[in-house]
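Structure assessment
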Amino acid sequence: MIVELGPHRYDVTTRALVMGILNRTPDSFYDAGQYWDFDAFLAKAEELVAEGADFLDVGGVKAGPGPEVTEEEEMDRVVPAIEALRKRFDLPISVDTWRASVARESYASGAVVGNDISGFADPDFLHEASAAGASVVACHVRLAPRVADPEPVYHDLVEEVSRFLSERAQWAVDAGIPPQRIMLDAGHDLGKTPEMSAELLRRSQELVDLGYPVFLSVSNKGFLGALTGTEVGNRREATLAAHALGVGLGSRILRAHDVAGTRRVADFMSALLQQERNHS
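Throughout what follows, the structure given in this document is the object of discussion. (Residues numbered from 1 in each chain as written. Predicted model: local features only at pLDDT ≥ 70, side-chain atom pairs only at ≥ 80, totals over all residues. Heavy atoms only, no water.)

With respect to the overall build of the protein chain
When helices and strands are counted, the protein chain shows ten helices and ten strands. What you see for the protein chain is a C-alpha radius of gyration of 17 Å, in line with the 19 Å of a compact globule of 280 residues. Considered along the principal axes of its C-alpha atoms, the protein chain spans approximately 50 × 40 × 40 Å. Buried residues in the protein chain amount to 57% of all 280 residues. Across the protein chain, the fraction of contacts at a sequence separation of at least 24, relative to all contacts at a separation of at least 6, is 68%. Surface exposure of the protein chain reaches about 11,800 Å², of which carbon and sulfur atoms provide 50%. (Helix = DSSP H or I, 4+ residues; strand = E, 2+ residues; numbered from the N terminus. Rg over C-alpha atoms; globule rule 2.2 N^0.38 Å. Buried < 20%, exposed > 50% of the residue type's maximum accessible area, 1.4 Å probe, protein only. Contact = heavy atoms within 4.5 Å. Areas by Shrake-Rupley, 256 points an atom, 1.4 Å probe, with all protein chains shown as cover.)

Let's talk about the pairing of strand β4 (residues 55–59)
The buried fraction of β4 is high, at five of five residues. With burial as the criterion, each face of β4 is covered, one bearing Phe55, Asp57 and Gly59 and the other bearing Leu56 and Val58. Across five bridges, strand β3 (residues 17–23) lies against β4 in parallel orientation. Opposite Asn23, over in β4, you have Gly59 as the bridge partner. Relative to strand β5 (residues 93–96), β4 is paired through four bridges, and the arrangement is parallel. The residue bridging Gly59 from the neighbouring strand is Asp96, located in β5. (Pairing = 2+ DSSP bridges.)

What to know about the packing of helix α1 (residues 38–50) against helix α2 (residues 71–88)
Relative orientation of the contacting elements α1 and α2 amounts to 40 degrees, with a least axis distance of 11 Å. When the axis of α1 is compared with that of α2, the two are oblique. In this structure, α1 crosses over α2, and the sense of that crossing is right-handed. Facing Phe38, Phe41, Leu42, Ala45 and Glu46 of α1, the residues of α2 in contact are Pro80, Ala81, Ala84, Leu85 and Arg88. When grouped by side-chain class, the residues that make up the contact of α1 with α2 number eight nonpolar, no polar and two charged. (Axes fitted to C-alpha atoms, helices over the stretch in contact; angles between N-to-C directions. Parallel < 35°, antiparallel > 145°, perpendicular 65-115°, else oblique. Left-handed = near helix turned anticlockwise from the far one by under 90°. Nonpolar A, V, L, I, M, F, W, Y, C, P; charged D, E, K, R; others polar.)

Things to note about the environment of Gly191
Structurally, Gly191 can be placed in the loop between β8 (182–185) and α6 (194–202). Between the C-alpha atom of Gly191 and that of Ser270, which follows or precedes it by 79 residues, the distance is 31 Å. Aside from chain neighbours lying at most four places away, what touches Gly191 is Arg142, Asp149, Pro152 and Tyr154.

On their own, these measurements won't tell you what the molecule is for.
Next up, the structure:
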């Protein structure tokens, strides 16, 4: 399977890519604004690249409920950050946004991926990505970003998530985006109970069977804490285990806070999968 991120092309038959998370938010659930200062943000980017990130994801609005962030504020947070990263690194840059206008300005500033947790709710999002030649992440969410969903109900969780993602992938294809530039994200913890998120992880292969690269965004998330009884700062081992399981089940893009640890997991799993392929 091939994944294209702008001009960068990757064979992920046995390889998993590591996406380093860079928050331009003062209230992110994990780092709580630790890298809000621009110099701290750039230093963190240098660290992630040195640790082996294949690409970087810049977000200006956290996924969960919180104070309103206007379109202008979001642009002020992410566009200068993307410009600075583009000047420093020859790596693909992703923008984590559900606003087509923010995505458009981000692509103009050097981003080549639109990571949209809304499932392309903005009707112009895919048009902007197609026009820019960008890749996209189609993510499942039951309601909408930033909307609390404490009691989600599904008749058949995996079937409904799979159907949603298959539909969104087809929207992207219809917009002119090639399949190798479309990634699928189950949206763990987005309108799911911990038990539901765990089920989606265990059944990742069913998303892989849809035929697109699967993007795994579980780093330090709440369902890992619920399974292990750990607070957000103590979920490193659970995250790395989830990454290894996800790759074993076919996920090929790992969105990570701990790039160094995830890089080692990804490289080990790649060696294991290549050995299996050589002996098959």
